[in-house]
Amino acid sequence: MENRDVARLLRETARLLELRGENPFRVRAYEQAAEAIEQLDEPVAERVRQGTLTEVPGIGRGLAAQIQELVERGTSEMLERLRQELPPGLPELLTLKGLGPQRVRQLWQTLGIASLDDLEDALRDGRLNQLKGFGPRLHEQLLHALSLRRRYRALRLLAQVLPEAEALRERLRQQPGVIRVELAGAVRRLMEVVDRVELVVAGSAEAVQQVLPQLRQQSGLHGGMLLEGALPDGFPVRVALTTPDAFGTVLWWHTGSEAHCRTFVRTYGAPEPCPEEATIYEQAGLPFIPAELREDRGELEAAAHHALPALIELEDLRGVLHNHSTYSDGRNSLREMAEAACNRGFRYFGTGDHSQSLTIARGLSIAEVRRQQEEIQTLNEQFAARGFRILSGTECDILPDGSLDYPDDVLASFDYVVASVHTRLNMDEKTATERILRALRNPHVTILGHPTGRLLLRREGYPLDWPRIIDACATYRVALELNANPYRLDIDWRRVRDATAAGVPIVINPDAHAIDELDHVRWGVAAARKGWLTPEACLNARDLDELLAWLHQRRQSVQP
DNA sequence: GCCGTTTTCGGCCCGACTGTTTTCAGTCG
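Criteria and cut-off values
- Residues numbered from 1 in each chain as written.
- Chains lettered and ligands numbered in written order.
- Predicted model: local features only at pLDDT ≥ 70, side-chain atom pairs only at ≥ 80, totals over all residues.
- Heavy atoms only, no water.
- Helix = DSSP H or I, 4+ residues; strand = E, 2+ residues; numbered from the N terminus.
- Contact = heavy atoms within 4.5 Å.
- Core = buried A, V, L, I, M, F, W, Y, C linked by side-chain atoms within 4.5 Å.
- Buried < 20%, exposed > 50% of the residue type's maximum accessible area, 1.4 Å probe, protein only.
- UniProt positions renumbered as here; feature names shortened; annotations may be inferred.
- Domains from an automatic or database assignment.
- Phe/Tyr/Trp six-rings, centres within 6.5 Å; stacked < 30°, edge-to-face > 60°.
- Lys NZ or Arg CZ within 6 Å of the ring centre and 35° of its normal.
- Axes fitted to C-alpha atoms, helices over the stretch in contact; angles between N-to-C directions.
- Parallel < 35°, antiparallel > 145°, perpendicular 65-115°, else oblique.
- Nonpolar A, V, L, I, M, F, W, Y, C, P; charged D, E, K, R; others polar.

All right, on to the environment of alanine 202 then. Here alanine 202 is to be found in strand 4 (residues 197-203). Discounting residues that sit within four places of it in the chain, alanine 202 has contacts with Gly177, Val178, Ile179, Arg180, Thr242, Thr243, Pro244 and Phe247.

A word on the nonpolar core. Of all hydrophobic cores here, the largest spans 104 residues; its most connected members are Val239, Phe349 and Leu480. Element by element, the count of residues in this core is highest for helix 10 (residues 158-174), at seven residues. Excluding residues within four positions of it along the chain, valine 239 makes contact with Leu199, Val201, Val208, Leu212, Leu215, Met225, Leu226 and Leu227. The next biggest cluster of nonpolar side chains, apart from the first, holds 50 residues, and it includes Val6, Ile59, Leu94 and Leu96.

Quick look at the UniProt feature "domain: Polymerase/histidinol phosphatase N-terminal" (unreviewed entry) in chain A now. In this numbering, the UniProt entry assigns the feature "domain: Polymerase/histidinol phosphatase N-terminal" (unreviewed entry) to residues 319-400. As annotated, residues 319-400 has a helix share of 34% and a strand share of 16%, and its two end C-alpha atoms lie 31 Å apart.

By domain assignment, chain A separates into domain 1 (1-86), domain 2 (88-153), domain 3 (157-304) and domain 4 (314-558). The straight-line distance from the C-alpha centre of domain 2 to that of domain 4 is 37 Å.

Let us now look at the packing of aromatic side chains. The relative placement of two aromatic rings is captured by the distance of their centres and the angle of their planes. The full count for this structure, using the stated rule, is seven aromatic pairs. Ring centres of tyrosine 406 and phenylalanine 414 lie 6.1 Å apart, and the angle between their planes is 40 degrees; on these two criteria the pair is classed as tilted. A single burial state applies to tyrosine 406 and to phenylalanine 414, both of which are buried. Ring-pair connections join several aromatic residues into one group, and the members of that group are Trp252, Trp253, Phe264, Tyr268, Tyr281 and Phe288. Of note, arginine 458 hangs over the ring of tyrosine 487, and the distance from its end group to the ring centre comes to 3.8 Å.

Our next topic: the packing of helix 20 (residues 429-441) against helix 21 (residues 466-476). It is the contact of helix 20 with helix 21, at a shortest axis distance of 10 Å, that shows an interaxial angle of 5 degrees. Looking at the two axes, helix 20 sits roughly parallel to helix 21. Across the interface between the two elements, Thr433, Glu434, Ile436, Leu437, Leu440 and Arg441 from helix 20 touch Arg468, Ile469, Ala472, Cys473 and Tyr476 from helix 21. Across the contact of helix 20 with helix 21, the residue classes tally to seven nonpolar, one polar and three charged.

With respect to the helices and strands, cysteine 396 occurs in strand 11 (residues 393-397). Among the residues examined, cysteine 396 registers a relative accessible area of 0% and is labelled buried. Taking the C-alpha atoms as reference points, cysteine 396 and tyrosine 406, separated by 10 residues in sequence, lie 7.3 Å from one another. Once residues lying within four places of it in the same chain are set aside, the contact partners of cysteine 396 are Ser355, Leu404, Asp405, Tyr406, Leu411, Val417, Val418, Ala419 and Ser420.

Pasting the structure below:
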């Protein structure tokens, strides 16, 4: 039992307790314990052995006993009882927007609805209308939530799939009978969400099946042989088999995108079988086109004119400008976060704790802002010798009317201001756009944080009139954040080029709530590359002096 | 279920919105 597995079972227990209508604080205790176990920097089994579980904050005698049982038996008596008592499809219903524990219980007990399919049937045949508390709006909302769910269900985040896919590639490389392996498909193109793992293998089907016994042979396109199936957890895998002689061409076809390949073939003809993919572009007289650009968004034309962008790389980032600490809802102290950023080679680290109205995230009062700024000053005296600097920033809420959550004099005390929306996410395009535009006009705003509020595979963002937003960013010299949290990747990479074409800088921010989340910049850089971002157009690829100059200039230029 | 005590009980993050009601329960962030 790894920590992750124990945390998963604790969360399952929490869900089931919640559905049974248990004390919400008891439910939360299980959730917090799951969180604590996940954050533990040693195996939980070790703690069990030493009997030191109760030293972990949030774990008392009751939970320690539960956890010990989970570690030793892989389950617990209570969890088993709960699983028997409640149908297995019930927890999934909880994840639908509009359904909480009360309503799910009501659905189950009155109509016997115990799965997403049951719910859909009941919505369609009108049985839900008889139910108290389920009016036409909720009806509509649930149908919408179900259709989103259907779309999301087949997809996973790149951040979840890529590490697994890379591990699979390594296992295949070790396998006798396998000559060459590469990732292909949407994973190789670094799409933010993917619907399968694709690999190209030079080698025998038998060798691949040694590693992935669940794959079955299918005949594929372009005369190749495909092996198709799923990972043990059900996620689809496709392996294209080929020979070393044709490896490059098969890799090219299976990397796609379909549109890129189609446009290429129309202009340059179908590529001849060749061992190296690079040869395909060479023979067409083109420079190599990185896989993440192959989306048929003008990359072939740009290549023909030798105008492909010199894409940003992880090493180009000099610092990060939106991070949380224990001052608000982060899990590590300011000092720990800054230390970790420094150790990762960053030259600057900017805070971005929440502002006062976001109480649920322990947003900072004005007094706490002052205290944090004092601590930053003290820490900076210590960091100066290492050529590292903490910048004082805030993730200031954009209130529903577009005003900001701190008065001007407080905003002026920060080195920069990330302005973000966290409330009233359901506005229509006109209202949401006006709200953001008003915030952008505030002379203290330097960065628009996670501009659409989307959460990939969980929630759509609010709609915005993008030409007007980008125009306003250019006018008021506000940078756009590409929030690197793998669930956000907001702004969408498809809009990055419009922004940079208008001269609006992009900031790749980790939005880290803990030390390890600083590494989320990896996903932000991946998305930025898909959006053709160059280091020059990226604000936090600038050295500290350049950044400070930009911030200074920005404030000068728009002061009333 | 945890925690911290003014130490075995009461508070635990809470304000706003939504859709349903007809004064509020449930959900959300």
